[in-house]
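For reference, the chains in residue letters:
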Amino acid sequence: MTEKKNKRDSIAMRMKAGQTNNGFVQNEDNLDRDLGPGSPGDSPRHSAVGIPDLGEPNEKVIRPYAGMPKEVLFQFSRQARYRVPREVLFWLTVASVITLIAATIAVIAISPKCLDWWQAGPMYQIYPRSFKDSNGDGNGDLKGIQDKLDYITTLNTKTLWITSFYKSSLKDFRHGVEDFQDIDPIFGTMKDFENLVAAIHDKGLKVIIDFIPNHTSDKHPWFLSSRKQEGKYTDYYIWHNCTHVNGVVIPPNNWLSVYGNSSWHFDEVRKQCYFHQFTKEQPDLNFRNPDVQEEIKKLIQFWLAKGVDGFSFDAVKFLLEANHLRDEIQVDKNQTADTVTQYSELFHDFTTTQVGMHDMVRSFRQTLDQYSREPGRYRFMGTEANRESIDKTMMYYGLPFIQEADFPFNSYLSTLDSPTGNIVSKIITSWMENMPEGKWANWMIGGPDSARLTSRLGKEYVNIMNMLLLTLPGTPITYYGEEIGMRNTEATNFNESYDSSTLPSKSPMQWDNSSNAGFSEGSHTWLPLTSDYHSVNVDIQKSQSTSALNLYQELSLLRANELLLNRGWFCYLKNDYDYVMYTREFDGIDRVFLVVLNFGENLTLNLMKIISNIPTKVRIRLSTNSDRKGSEVDTSAIGLHKGEGLILEYKTKNPLHGQTAFRDRCFVSNRACYSSVFDILYSSC
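Bear in mind the structure is a predicted one, so any value in this text is a computation, not a measurement.

> It is not clear to me how the overall build of the protein chain should be interpreted in this structure. Could you clarify?
The helix and strand inventory of the protein chain stands at 16 helices and 28 strands. Residues classed as buried in the protein chain amount to 52% of the 685 residues present. Contacts in the protein chain between residues at least 24 apart in sequence constitute 68% of all its contacts with a sequence separation of at least 6. Total accessible area on the protein chain is roughly 32300 Å²; 51% of this is exposed by carbon and sulfur atoms.

> Any chance you could explain the UniProt feature "transmembrane region" (unreviewed entry) in the protein chain here in plain terms?
Per the UniProt record, "transmembrane region" (unreviewed entry) is found at residues 88–110. Its end C-alpha atoms 32 Å apart, residues 88–110 is made of 100% helix and 0% strand.

> In this structure, what is going on with the packing of aromatic side chains? I would like to understand it.
The geometry of an aromatic ring pair is captured by two quantities: the separation of the ring centres and the angle between the planes. Under the defined criterion, the tally for this structure stands at 45 aromatic pairs. Ring geometry for Y412 and W431: centres 6.2 Å apart, planes at 65°, overall edge-to-face. On the criterion of sequence distance, the pair formed by Y412 in the loop between β15 (407–408) and α11 (421–434) and W431 in helix α11 is long-range, its members being 19 residues apart. Through a chain of ring-to-ring contacts, three or more aromatic side chains come together here, namely F165, Y166, F180, F193, F211, F302, W303, F311, F313 and F364. Taking NZ or CZ as reference, K148 lies 4.3 Å from the ring centre of W511, over its face. If you follow R326 out to its NZ or CZ, it ends over the ring of F350, 5.5 Å from the centre.

> Looking at this structure, how should I read the sheet that holds strand β12 (residues 380–383)?
Whenever strands of a sheet pair, they do so through backbone hydrogen bonds, lying parallel or antiparallel. The strand order β15-β12-β11-β5-β2-β1-β17-β16 describes an open sheet built from eight strands, whose pairing is parallel. On the outer flanks of this sheet lie β15 and β16 (442–444), each paired with one strand and no other. Running over the sheet, α11 touches β15 and β16 and is turned about 150° from β16.

> Looking at this structure, I do not really get empty space enclosed by the protein. What am I missing?
Over the atoms a probe the size of a water molecule is rolled, and this reveals where empty space is left. One pass over the full model with this rule turns up three cavities of 30 Å³ or more. Reported here for the largest cavity is a volume of approximately 70 Å³. Lining the largest cavity, in full, are M432, W440, P473, G474, L565, N566, R567, G568, R584, F667, V668 and S669. Considering only residue class, the lining of the largest cavity consists of six nonpolar, four polar and two charged.

> Help me understand the sheet that holds strand β6 (residues 239–240), please; the structure alone is not making it clear to me.
Here we have three strands laid out as an open sheet, ordered β6-β10-β9, and antiparallel in their pairing. If you trace the sheet from one side to the other, it starts and ends with β6 and β9 (264–267), each paired once. Summarising the sheet, β9 and strand β10 (residues 272–275) pair through four bridges and their orientation is antiparallel. By the bridge assignment, H265 is partnered in β10 with Y274.

> Honestly, the packing of helix α8 (residues 290–305) against helix α9 (residues 357–370) in this entry has me stumped. Any pointers?
To describe two helices that pack against each other, one gives the angle between their axes and the distance between the axes. Where α8 contacts α9, the two axes come as close as 10 Å, and the packing angle between them is 35°. Considering the relative orientation of α8 and α9, their crossing is right-handed. Side by side, α8 and α9 meet where Q293, I296, K297, I300, Q301 and L304 of the first sit next to M360, F364, T367, L368 and Q370 of the second. Here the contact of α8 with α9 is composed, by residue class, of six nonpolar, four polar and one charged.

> Where do I start with the pattern of salt bridges in this structure?
Side chains carrying opposite charge are able to pair once their charged atoms draw close together. Counted by the stated rule, this structure contains 27 salt bridges. One salt bridge connects R487 with D532, and the closest N-O pair in it is separated by 3.1 Å. Linking R487 in the loop between β17 (475–479) and α14 (538–542) with D532 in the loop between β17 and α14, this pair joins segments that are 45 residues apart in sequence. With relative accessibility at 16%, the residue D532 sits in the buried group. A salt bridge links R591 to E562; the nearest nitrogen and oxygen atoms lie 3.0 Å apart. Taken together, the residues R591 in strand β20 (residues 591–598) and E562 in the loop between α15 (548–561) and α16 (563–566) connect sequence positions 29 residues apart.

> Can you help me understand the side chain of R456 in this one?
Structurally, R456 is set in helix α12 (residues 453–457). Within polar-contact distance, the side chain of R456 engages the backbone oxygen of L413 at 3.4 Å. Within the local environment of R456, its side chain forms a polar contact with the backbone oxygen of S414, the two atoms lying 3.2 Å apart.

> How do you make sense of the pairing of strand β5 (residues 206–211) when you look at a structure like this?
Within a regular strand, the side chains alternate between the two sheet faces. Most of β5 sits inside the fold, with six of its six residues counted as buried. With four bridges connecting them, β5 and strand β11 (residues 310–313) associate as parallel partners. Residue pairing for β11: D210 is matched across the bridge by S312.

The rules behind the values
- Residues numbered from 1 in each chain as written.
- Predicted model: local features only at pLDDT ≥ 70, side-chain atom pairs only at ≥ 80, totals over all residues.
- Heavy atoms only, no water.
- Helix = DSSP H or I, 4+ residues; strand = E, 2+ residues; numbered from the N terminus.
- Buried < 20%, exposed > 50% of the residue type's maximum accessible area, 1.4 Å probe, protein only.
- Contact = heavy atoms within 4.5 Å.
- Areas by Shrake-Rupley, 256 points an atom, 1.4 Å probe, with all protein chains shown as cover.
- UniProt positions renumbered as here; feature names shortened; annotations may be inferred.
- Phe/Tyr/Trp six-rings, centres within 6.5 Å; stacked < 30°, edge-to-face > 60°.
- Lys NZ or Arg CZ within 6 Å of the ring centre and 35° of its normal.
- Pairing = 2+ DSSP bridges.
- Axes fitted to C-alpha atoms, helices over the stretch in contact; angles between N-to-C directions.
- 1 Å grid on protein atoms, 1.4 Å probe; cavity = no way out; pocket = protein on both sides within 12 Å on 5 of 7 lines; lining within 4 Å.
- Points joined across faces, edges and corners; volume = space filled by probe spheres on them.
- Nonpolar A, V, L, I, M, F, W, Y, C, P; charged D, E, K, R; others polar.
- Left-handed = near helix turned anticlockwise from the far one by under 90°.
- Salt bridge = Lys/Arg side-chain N within 4 Å of Asp/Glu carboxyl O.
- Polar contact = N/O pair within 3.5 Å; in protein donor to acceptor, adjacent residues only side chain to side chain.

Shown next as structure tokens:
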């Protein structure tokens, strides 16, 4: 009993002046420990303390203070004034955590898919030999591209697309590659390429490059080994026996090269014919050989490891040929077989888009996906689809659950040579109506293999075509020089072993009006400059508010800043021989952009007859005629000059994409809605 009483009394102990309270010790276990002789408890400096009995009437109220033992703490913690606030704070914390988790889940659930980098802004295609010469040899190079990155950023471009720069002979614009893992010395070194990629990424840009899997150069080590039938390389290419009649080689069938004449060439070393879809210096690889497929996979991985963000895969429709050697059918069945020498004179049912070709393309996609797992490092894949029907072109998007290309490159506007509203409208609607649901469009108005826009349509259509390019839904792709309205070079005597028909569009970039247009400090350029470079160049147009370059920059900036343009609805209104008209709209935004492009002569439009709920006055947000920018116009009579384009802005609560009459004319890839209250995008429209 005495021991229990001592413990109870120690709890009620009060501090006295000049005395140490042994009841409040840091180690509470000492409370129950007996003190032996000679222990600190026997020290003279400790004195006895009087402890009043807790049960006595004169008991004083215990008050908390620092250092109290747990028994005292428990006694006070059970009091309502301490317990209730503690419980309230606990449950408030729990409720806050649950609310934050629920809000996070809700935001994730309703958030639309973000645009990826290849969707977020224009691509800028560069033919490296013609962009900028850094060493004075008359040829553009990789260092030259790096020197001009600041200019490229002023175009609000997000991606650089650099065409072929592999070690190669001059045949077919360097598409006959001798070494897929090396840079042609004319462009620099591998170190130059690595520096360029690093500099591009430092600017917040991405870079994609050409890749040509279908064929190699006849100087490639694989081909040199194959013609000697060395090991696994024996069947890296497509070989067949040829017959000889009176010293003339008779090919296995009537298949033709893209450039005309037989696609079979007799090799004196192997004594067989090899197959080439292009020039005889570009033998086709045998993609039915698994070793070839593995080699291509390793090459893709090599460049991904170098930091490239994606590829444009060229000539993929030629990857496979039919196993049989049956002749292809003549377009004109009455034509004598011996006179059929041009590619267009045959239907190419056995040498293009064969069964299994899309499996090859999907294998490229799978390799890229392996390098796309890091956040922000998605690897883009585009495919060339020139001269394909719209149905075959759309197949490159893949199937609903099996992805191929992010998009096949859309070059239909690049071949436009008759600027009429009807033709432009047909090109646009054909793509939008056939594109699989949820896929992303793209548009090109020029490229290395087509005549420049100014030379095809005339300089009066440069601005209107750039306005079209940058206001259509999807990714706009600009070929270098189109932003300033460059035209083809006039020279006809080219000292190059190329297809001369496409050389004029590859003339050197026109930077200023100095010697060689600022392209090179050397004594010559690899191709002649155009004669108008003194007045059509970057330096002059930077200081002109009415220039093509200034309008291009304004359009690309507007596109970057406006949801209506970069991911909104596209509603096609009306086609006419003279003009094209469409709106760009966005759920949750009460503004609409109405784009009107006049490809004909001067005209006056009554928009109130075309759009029932349009206001009587609308504002011109941008115009190809800079004097009209920001002004208001009467919608009952809007005048447009030849080649003039307008972006009109007005408010409405009844956008066209919500109207039944326009349901079949409106398209959107990744639908999203805008909340002005929370300033966020959400998907549950």
